[in-house]
Amino acid sequence: MKKIKALIVDDSSVMRRIVERSLRQAGIDLEQVREAGNGAEGLAALQGGAVDLILCDINMPVMDGLEFLRQLQGVPSAKGTPVVMITTEGSESHVVQALSIGARGYIRKPFTPEQVKQHVTPLLEDQP
Amino acid sequence: MNFDNEIAQSKPLLDSWGPMLELACREVFDIMLGCRLGQPAPDETIPLDFTAMVGLAGQLRGVLSLRCSPQAAAVMASKMLGVAVGEKDEQMWDAVGEIANMVAGNFKNKLTGMGDGCMLSVPTVITGSDYSCRSLTDSGTLEARFLFEGSPISVELQVHS
């Protein structure tokens, strides 16, 4: 698998660290990790160029993860980039809503590195 | 199921949530911190110096709070991050707030039909013991007490009707 650039969007810096560590434990070779504390910062982080993978929380201040997903559809550099939601909001309606507006996966907190691997690896293998 | 009426009228319903609250706590500590919670002595005093709170809104309304000592909070952050975290480190606040958030989310997802009808606030963390917290709770309180790495901790759910 090639080295990838990832964007992690979560209002908790501790959780961003854990998600990054889980990606590395899943055997994903990270060339670059960008971090954002909410959806608006996530959109701004994408102005620095495209990434190969986005992992995003839902419940965040300023701009939540669902609004981030909606606005992401208007970002040309993010076209085709897989987005996986990682959140405590595990309700069926949240899952359906996230998947309907572009998310490719959904991981409920608490999560294990193995769960991250199961959700993320197939998405990266699909990429050219 | 109408939780509003059931919560207001049924203390047994609230009591039946006790095991789910306990399981929600144990799972979060097991999966995210890699440690098993023990049982504190019945008369053990729970320190109030560090409190993380998450609000619940919608069908289930209330506040979930996690209380512990600053020392225990630092150990939680260290275990989550895999590096030593000091008692003055801001990451300690973030880590304990996130644990409270995950416990609240894990708990509500265990209640049948509640996942869609209940939303969580972002966590708030209070330090120091010289404060009073007055919740408008009127339907009861659940508390689960544990021993975490030798320190007692408490997770409390106050429910509004």
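Residues numbered from 1 in each chain as written. Chains lettered and ligands numbered in written order. Predicted model: local features only at pLDDT ≥ 70, side-chain atom pairs only at ≥ 80, totals over all residues.

(A) Molecular detail of the interface of chain A and chain B. Each partner contributes to the interface: chain A provides 19 residues, whereas chain B provides 21 residues. For the side of chain A that touches chain B, the secondary-structure elements that each account for two or more residues are helix H1 (13-25) and helix H4 (92-100) of chain A. Looking at the side of chain A that touches chain B, the element that brings in the most residues is H1 of chain A, giving six residues. (Contact = placed C-beta atoms within 7 Å. Helix = DSSP H or I, 4+ residues; strand = E, 2+ residues; numbered from the N terminus.)

(B) Representation of the pairing of strand E5 (residues 140-148) of chain B. Residues and elements named next belong to chain B. Where E5 lies against strand E6 (residues 151-160), nine bridges are found, and the strand directions are antiparallel. Within the sheet, the bridge partner assigned to Arg 145 lies in E6 and is Ser 154. Counting the residues in the hairpin turn of E5 and E6 gives two residues, including Glu 149, whose phi is positive at 50 degrees. (Pairing = 2+ DSSP bridges.)

(C) View of helix H4 (residues 70-81) of chain B. In this model H4 of chain B runs 16 Å from its N-terminal to its C-terminal C-alpha over twelve residues, within 8% of the 16 Å that 1.5 Å per residue would give. What H4 of chain B keeps buried is the set Ala 72, Ala 73, Ala 74, Val 75, Met 76, Ala 77 and Met 80 of chain B. (Expected span 1.5 Å × (residues − 1). Buried ≥ 20, exposed ≤ 12 C-beta atoms within 10 Å, placed from the backbone.)

(D) The arrangement of unusual backbone geometry in detail. Residue and element names in this part refer to chain A. A cis amide bond links Lys 109 with the next residue in sequence, Pro 110, at an omega value of 0 degrees. One non-glycine residue, Val 62, lies in the positive phi region at around 70 degrees. Summarising the element assignment, Val 62 is placed in the loop between strand E3 (53-56) and helix H3 (65-72). Take Val 62: there are 12 C-beta atoms within 10 Å of it, and that puts it in the exposed class.

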